[in-house]
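Summary of the model geometry
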Amino acid sequence: MQSFVIRSFRASSSFAAIAFLLANPAFAQTTEVPPTSEQVPPASDPAGASQTSANEPTEVVVTGFRSSLARALADKRKETAAIDTIVAEDIGKFPDSNLAESMQRVPGVSLSRGDGGEGRNISVRGLGAQFTRVRINGMEGSSQTGSSDIYGAGNSGRSFDFNVFPSEIFSSLTVRKTPSADVEEGSLGATVDLKAPHPLDYKDDFVFSATGRGVYNNISKKVDPRFSALVAKSFADGRFGILGSLAFQKRHIREVGYSAVDILSASLGGNGLDPDRVSATVNGPSPVQPFCTPIGYIYPSPSPTIPANGASRGATATMCSTNNPRTGTLAAYNTIMGLFDPSAPTTPGSGAFFPRIPRYVNSEQNNKRIGGSLTFQFKPTDNTDISIDTLYSRYDVTRRDNYIAGLSFARNINNNGQPMVSVRDIEFDEHGSLIYGVFDGVDVRSEGLVDHFVSTFKQMNLNFEHRFSDRFHISGMLGASNSLWNGKERLQTFIDAIDTDNFVIDYRDGKSTPIVGFGFDVDKPANFSYAPSLSDGTVLGGFSTQGKPSRNETSNQLAELNGTWSFGEALNLKGGVQYRTSDYQARGAILYTGQGTTRALPAGTTLADLTTHIEGLDGLFGRGAPSSWVAIDADKWREAFGFPDKFNFCITPACGIGVSQVKERVKSAYAMATFNTGNALPFPIRGDIGVRYVKTDLTSVGYLQQTLATSPTGVTAVRNEVQRSYKDWLPSANVVVEFTPKLLGRISAAKVMARPELGPLIPSSASVTATTRTGSSNNPYLDPIRAKTFDAALEWYFAPGSLLSVAYYYKDIKTFIQNDNRKIPFNEIVPRLPDALLNGTNSVPTDLFDIRQPVNTPGGPLKGFEINAQVPFRFLPGFWSHFGMLASANRVKSKINYIVYVSGVRTTYTADLVGLSQKSASGTLYYEDDRFSIRGTASYRGPYIRGIIGLNGNDYQGNRANTFVDGSASYKLTNQAKLILEVQNLTDARNSLFIDSERQDTLFETRIGRTINFGVNFKL
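Keep in mind that what you see is a predicted model, and the values were worked out from it rather than measured. In every chain, residue numbers begin from 1 and rise along the written sequence. Note on the predicted model: pLDDT of at least 70 is required for a residue's local features to be given, and 80 or more for side-chain atom pairs to be given and counted; whole-chain, interface and lining totals, by contrast, use all residues. As a convention, hydrogens and water are excluded, and side-chain values are obtained from all of the structure's heavy atoms.

1. Thoughts on the overall build of the protein
Filter applied, for reference: Secondary structure follows DSSP: runs of H or I at least 4 residues long count as helices, runs of E at least 2 residues long count as strands, and numbering of each begins at the N terminus. The buried label applies to any residue whose accessible area, calculated with a 1.4 Å probe on protein chains only, is under 20% of its type's maximum; exposed applies above 50%, and partly exposed to all values in between. Two residues form a contact once any of their heavy atoms are found within 4.5 Å. What sets the accessible areas is the Shrake-Rupley method with a 1.4 Å probe; for residues, cover comes only from the shown protein chains.
Helix and strand counts for the protein stand at 8 helices and 53 strands. Residues classed as buried in the protein amount to 57% of the 1020 residues present. Considering only residue pairs separated by 6 or more positions, the protein has 72% of its internal contacts joining residues 24 or more positions apart. For the protein, the exposed area adds up to about 39700 Å²; of that, 56% sits on carbon and sulfur atoms.

Structure representation (structure tokens):
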């Protein structure tokens, strides 16, 4: 028997690497060796290896990346449900540095990136992270971390943040796209299974593997360490085993770019009447102008200049405010006033759109990620398997963000903002987006943010399985996990330069981000101020803790028992029961009253003593960014003001803070049958059919603030509790038709449900302002999102380790959840608020309030196609046979009717599902032989909606399309050691967010640079 080995390493499309291989054909030689345990199974096996002739049987032995692909394909083929799997290339070596980045190679899966460009969440077949359930070693997991505000800040819901975990502690990842009755409910998109290795998985009784890397990024320009190790030992002739894994990584991340924060029409900048103009004219209140009117401007009504003459702010016929002259031109002002939004045709300037806070961004992160697993496995007999799995991960991040920004466009007349700004020159495009503007009287702010959070995950579970006979066996699990996001600090400090001139915003070169000119030297501390606010409301610097520290914690428990009765290969009956609990707690903190006030600099201290310099954005990002700007050094500021020693945080109900909580108790049972007709029919048919019953009991506890003079903060927290329950019957079926041994057809249908995010279920109001009669409220009465699904696929396993497939999927989403702005009486707000909140105000419980609240709304259809190809080029001669390819593409559409408000009128807006990219694709080209491996992956994700707005002239916030290219290579030095090189973001791609589907004004764009991993792997 001939035995050919193809030892695998990673591959890429790098032309330089291919040229090297062409010049060194020896690298393409195969080596005849005895077969190993890693083999492609024969054709009769579900893995579908090639058939061999009786005269010349051939055994193909594959290791490494190509082996991992073959094993994944075997898993996919034998399952009745639609799954895709990624398995470790070798002992302790997952194919990618980040779990989320691995999954972008799975058909229908799109990656959402967070800070530093690292993969954080996934979207499966157009459904966002909140619709994807993740199980770790068979138990549902919760993973929460923080991020920059633009990426959604901290995750306090059910979405799973993959960047908490090092990939090295897992051996496989499976994406289940269609449900079956024996898999827990809760997924609308997919269920992802992460599995850590077991000690008795390995043939050898002792296994050791270690990898050390250096990680370099060309933006941070630092080399950071990354290390992982795995050791496994079996005893008593393979009856008992212990496995431990450990991974550690330290990173310095730097991200540079531009942010607009929001895009608002000019008319909103002047919202609010000038307090100096308290009386109405004969024609009613005078319209508020968006900017300071130039000398000579007359509005076509009995209206004075804006801001009106008033002593409190120093406004006169020639001054916009104290020491801030009216320098605007009539031409520029008339251009703004002549633009109207079609939805607000009577409002001047409503069709002229400006960045709310145009600013350059410098974000730096220091993070440490450590994770490990410890597993005990016991097989006293061939019929019994008992294991205890423990897993731990800790992700510690300190992020320091710095901005240099024009602030006046975000302020109205009450805080000396946009109405005090003169416009000297202005230009807009045909959609009303700003192209060019020159402004005087602009407040410029240098802001710094220090955000320190720690995400910790712990899990332990007991798994057992026993086969009583060939016909009956049981399995079960007992488990507990805890996920803690601990926001230890969130400190903002800022210094301001008031009424600066020659502020420029310039898009005239057609780029997606503007060139921002500040008109003065932003690197000199003397040009900024830090002092208490003036009597007219002028802010001269300060600080904020934004309600931090805070913490969110989720504790899960699980108990389940399953039984299987076998009636031969044709029929198996399976049933089980499960009980699981989830306890989510959210705690915030505030400063005691009076201790959050900005104080004057200590005697003898200047800003130069408290500041540092943010450098390098001119070269790293460009676009007019200053080479350096001055910013407060948080550590020096702390020392100067005694923070936090002299500033106490309050975390008790007496301070208006309580522990908000959501408790879920889920009882479920299922029954299902698996069948296989074998040769009884012209086409063998196998599959499963079953039903799952689920009862959910929910208890939500929140706290409502109430005025109380004896409280340290002037308010106290009133406990509010809501209890409810709901039931679901969830049938499902998966059928596989084997038209030929190589051609399979799949059909699946099911009813599914996904529970609401946890945070919105807390029965409390984020805020209610009685004077303006506005507020926001959570909703503990939200129903789950429910849907009916249908899937059909055709899969052709045309050669060993090869696949061509096409799939169609349809989801009829019956209910959806979105935020709704409604006018409702105060005493009808859900959850019910105490009337005492209105004491001392001009409002009564029957008054109408504008309340923003999540509600259930009608959903809509979602349908799509995906194609997938996995082709090793074994059919090519010689050197070329070592190449291979993976490719997938996805096309999906949806139709959701969102509730929006146009000119105050409630209406609907039809758009794609939030988080859905209509088009996505991924391709990998690889080469591998017995010593060298190289591969490259390109992943494309089309534009998608991040959030529906429907207000202020903007329909939604979106993410532009992006393509990221990664490459990796390795070279085998000996049987025990190999060199590793990985490069992420080879093309230096950037991520860019925009607002409004028509204008597509840039909200946020950053450069993350290229990341290079280099190291060595050693194994025994």
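2. Quick word on the side chain of serine 393
Looking at where serine 393 falls in the secondary structure, it is placed in strand S19 (residues 384-406). The contacts of serine 393, once residues within four sequence positions are left out, are Val164, Phe165, Pro166, Ile370, Gly371, Ser455, Thr456 and Phe457.

3. What to know about the pattern of salt bridges
Quick note on the threshold: Put simply, a salt bridge is a Lys or Arg side-chain nitrogen that is within 4 Å of an Asp or Glu carboxyl oxygen.
Across all of its chains, the model carries 45 salt bridges by this definition. With its nearest N and O atoms 3.4 Å apart, the salt bridge here joins arginine 133 to glutamate 140.

4. Concerning the sheet that holds strand S10 (residues 190-195)
Stated formally: Here, strands pair whenever DSSP counts at least two bridges between them.
Taken in spatial order, the 5 strands line up as S4-S9-S10-S7-S8 in an open sheet, and their pairing is mixed. Two strands lie at the open edges of the sheet, namely strand S4 (83-87) and strand S8 (139-140), each paired on one side alone. Note: S4 against strand S9 (residues 172-176), 5 bridges, orientation antiparallel. In the strand pairing of S9, valine 87 is matched with serine 172.

5. A short note on the pairing of strand S24 (residues 503-506)
Here strand S21 (residues 434-440) runs beside S24; their pairing, made up of 4 bridges, is antiparallel. Residue pairing for S24: glycine 437 is matched across the bridge by isoleucine 505. Sheet topology places S24 next to strand S25 (residues 515-517); 3 bridges connect them, and they run antiparallel. Bridge pairing links isoleucine 505 to valine 516 in S25.

6. Here's the deal with the confidence of the model for the protein
The predicted coordinates ought not to be read in detail in places where the model reports low pLDDT. Spelled out, the test is: pLDDT runs from 0 to 100 and stands for how confident the predictor is about each residue.
Confidence in the prediction of the protein, expressed as mean pLDDT, is 83, and 82% of residues score 70 or more. Within the model, the stretch residues 271-286 combines pLDDT values under 50 with 31 contacts to residues more than four positions away or in other chains.

7. Structural notes on the side chain of asparagine 720
Definition in use: In protein, a polar contact means a hydrogen-donor-capable atom and an acceptor-capable atom, both N or O and within 3.5 Å, with residues adjacent in sequence counting only if both atoms are side-chain atoms; elsewhere, any N or O pair within 3.5 Å suffices.
Counting through the fold element by element, asparagine 720 comes out in strand S35 (residues 715-738). Using a relative accessible area of 15% as the deciding quantity, one classes asparagine 720 as buried. At 3.4 Å, the side chain of asparagine 720 forms a polar contact with the backbone oxygen of proline 763.

8. A look at the sheet that holds strand S20 (residues 422-428)
Either a parallel or an antiparallel arrangement is found when strands of a sheet pair, and the pairing is made through backbone hydrogen bonds. Using the following cut-off: For helices, the axis comes from a line fit to the C-alpha atoms of the stretch in contact; other axes are also lines fit to C-alpha atoms, and the angle between any two N-to-C directions lies between 0 and 180 degrees.
Spatial strand order, S20-S21-S24-S25: 4 strands in an open sheet with antiparallel pairing. Whereas interior strands pair on both sides, the edge strands pair on one side only; in this sheet they are S20 and S25. The sheet shows a mean angle of 5 degrees between the axes of neighbouring strands, direction not considered.

9. Some words on the nonpolar core
Note the following rule: We define the nonpolar core as a collection of buried residues of types Ala, Val, Leu, Ile, Met, Phe, Trp, Tyr and Cys that are connected through side-chain atoms lying within 4.5 Å of one another.
Within the largest apolar cluster, 56 residues are counted, with the highest numbers of intra-cluster contacts made by Phe291, Phe354 and Phe439. With 32 residues, the next largest nonpolar core counts Leu188, Leu758, Phe816 and Leu913 among its residues.

10. Notes on unusual backbone geometry
The phi dihedral of asparagine 502 is positive, around 60 degrees, even though this residue is not glycine. One can find asparagine 502 in the loop between strand S23 (472-500) and S24. A positive phi is found at aspartate 996, a non-glycine position, where the angle reads about 80 degrees. As for its placement among the helices and strands, aspartate 996 is situated in the loop between strand S51 (990-995) and strand S52 (1001-1007). Note on aspartate 996: relative accessible area 6%, which makes it buried.

11. Some remarks on a nonpolar patch on the surface
This is how it is decided: Residues forming no salt bridge and having over 30% relative accessible area are the ones grouped into patches, like charges within 9 Å of each other and nonpolar side chains (Val, Leu, Ile, Met, Phe, Trp, Tyr) within 5 Å.
On the surface, a nonpolar cluster with roughly 530 Å² of combined accessible area is contributed by Phe683, Phe739, Leu794, Val806, Phe865 and Ile867. Of note, leucine 794 is situated in strand S39 (residues 785-796). Owing to a relative accessible area of 39%, leucine 794 belongs among the partly exposed residues under this scheme.

12. Some points on the environment of serine 363
One can find serine 363 in strand S18 (residues 359-378). Along the primary structure serine 363 and leucine 449 are separated by 86 residues, whereas in three dimensions their C-alpha atoms are 9.2 Å apart. Looking at serine 363, its side chain comes within polar contact range of the side chain of aspartate 401, at 2.6 Å.

13. A look at helix H8 (residues 634-641)
Which entries qualify depends on this criterion: Directions drawn from the helix axis to the C-beta atoms are what define this arc.
By the burial criterion, the buried members of H8 are Ala634, Trp637, Arg638 and Phe641. Considered in projection along H8, the buried side chains sweep an arc of 100 degrees and stay on one side of the axis. Against the buried residues of H8 lie S19, strand S22 (442-467), S23, strand S26 (542-544), helix H6 (607-610) and strand S31 (628-632). Between the side-chain oxygen at the start of H8 and the backbone nitrogen of aspartate 635 there is a gap of 3.0 Å, and the oxygen is on aspartate 633.

14. Overview of a positive patch on the surface
Note the threshold: Charged residues are defined narrowly, with Lys and Arg counted positive, Asp and Glu counted negative, and His plus the chain ends left uncounted. A charged residue contributes its charge at one atom only: NZ of Lys, CZ of Arg, CG of Asp or CD of Glu.
A surface patch of positive charge is lined by Lys863, Arg891, Lys893 and Lys919. Structurally, arginine 891 is set in strand S42 (residues 883-894).

15. Some remarks on helix H5 (residues 330-337)
Taken residue by residue, H5 has Ala332, Tyr333, Ile336 and Met337 as its buried positions. Taken end-on, H5 shows its buried residues confined to a sector of 130 degrees, consistent with a single buried face.

16. As for the state of the cysteines
Disulfide: a covalent bond connecting the sulfur atoms of a pair of cysteines. Heads up, the condition is: Cysteine sulfur pairs qualify as disulfides if the two atoms are within 2.5 Å.
Applying the stated criterion across every chain, the model contains 1 disulfide. Bridging cysteine 292 to cysteine 320, the disulfide has an S-S length of 2.0 Å. Across the disulfide from cysteine 292 to cysteine 320, rotation about the S-S bond amounts to roughly -95 degrees, and the bridge is consequently left-handed. Here cysteine 320 lies in strand S15 (residues 319-321) and cysteine 292 lies in the loop between helix H4 (266-269) and S15, a separation of 28 residues in the sequence.

17. Here we look at the packing of aromatic side chains
The cut-off we apply is this: Within 6.5 Å between ring centres, the rings of Phe, Tyr and Trp (the latter by its six-membered ring) count as paired, and their orientation is classed by plane angle as stacked under 30 degrees, edge-to-face over 60, tilted in between. Counting as a charge over the ring demands two things of the Lys NZ or Arg CZ atom: a distance within 6 Å of the ring centre and an angle within 35 degrees of the ring normal.
Enumeration according to the criterion identifies 33 aromatic pairs in this entry. A centroid spacing of 5.3 Å and a plane angle of 35 degrees characterise the contact between phenylalanine 879 and tyrosine 927, whose relative ring orientation is tilted. Taken as a pair, phenylalanine 879 in the loop between strand S41 (848-872) and S42 and tyrosine 927 in strand S45 (residues 919-928) lie far apart in primary sequence, 48 residues in all. You'll find phenylalanine 879 and tyrosine 927 in the same group, each marked buried. Aromatic ring contacts, followed pair by pair, group Phe291, Phe354, Tyr360, Phe409, Phe428, Phe439, Phe503 and Phe518 into a single cluster. Note that arginine 508 overlies the ring of tyrosine 436, its terminal NZ or CZ placed 3.7 Å from the centroid. Over the face of the ring belonging to tyrosine 944 we find arginine 941, whose NZ or CZ atom lies 3.6 Å from the ring centre.

18. Let's talk about the environment of proline 514
Relative to the helices and strands, proline 514 resides in the loop between S24 and S25. On a C-alpha basis, the gap between proline 514 and serine 259 in space is 9.9 Å, while along the polypeptide they are 255 residues apart. Not counting residues within four places of it along the chain, the set of residues in contact with proline 514 comprises Tyr258, Tyr360, Ile505, Asp506, Tyr507 and Arg623.

19. Overview of the environment of alanine 74
The residue alanine 74 is located in helix H2 (residues 65-78) in this model. Of the residues examined, alanine 74 reaches a relative accessible area of 13% and is grouped as buried. Spatially, the C-alpha atoms of alanine 74 and threonine 85 are 9.4 Å apart, while their sequence positions differ by 11 residues.

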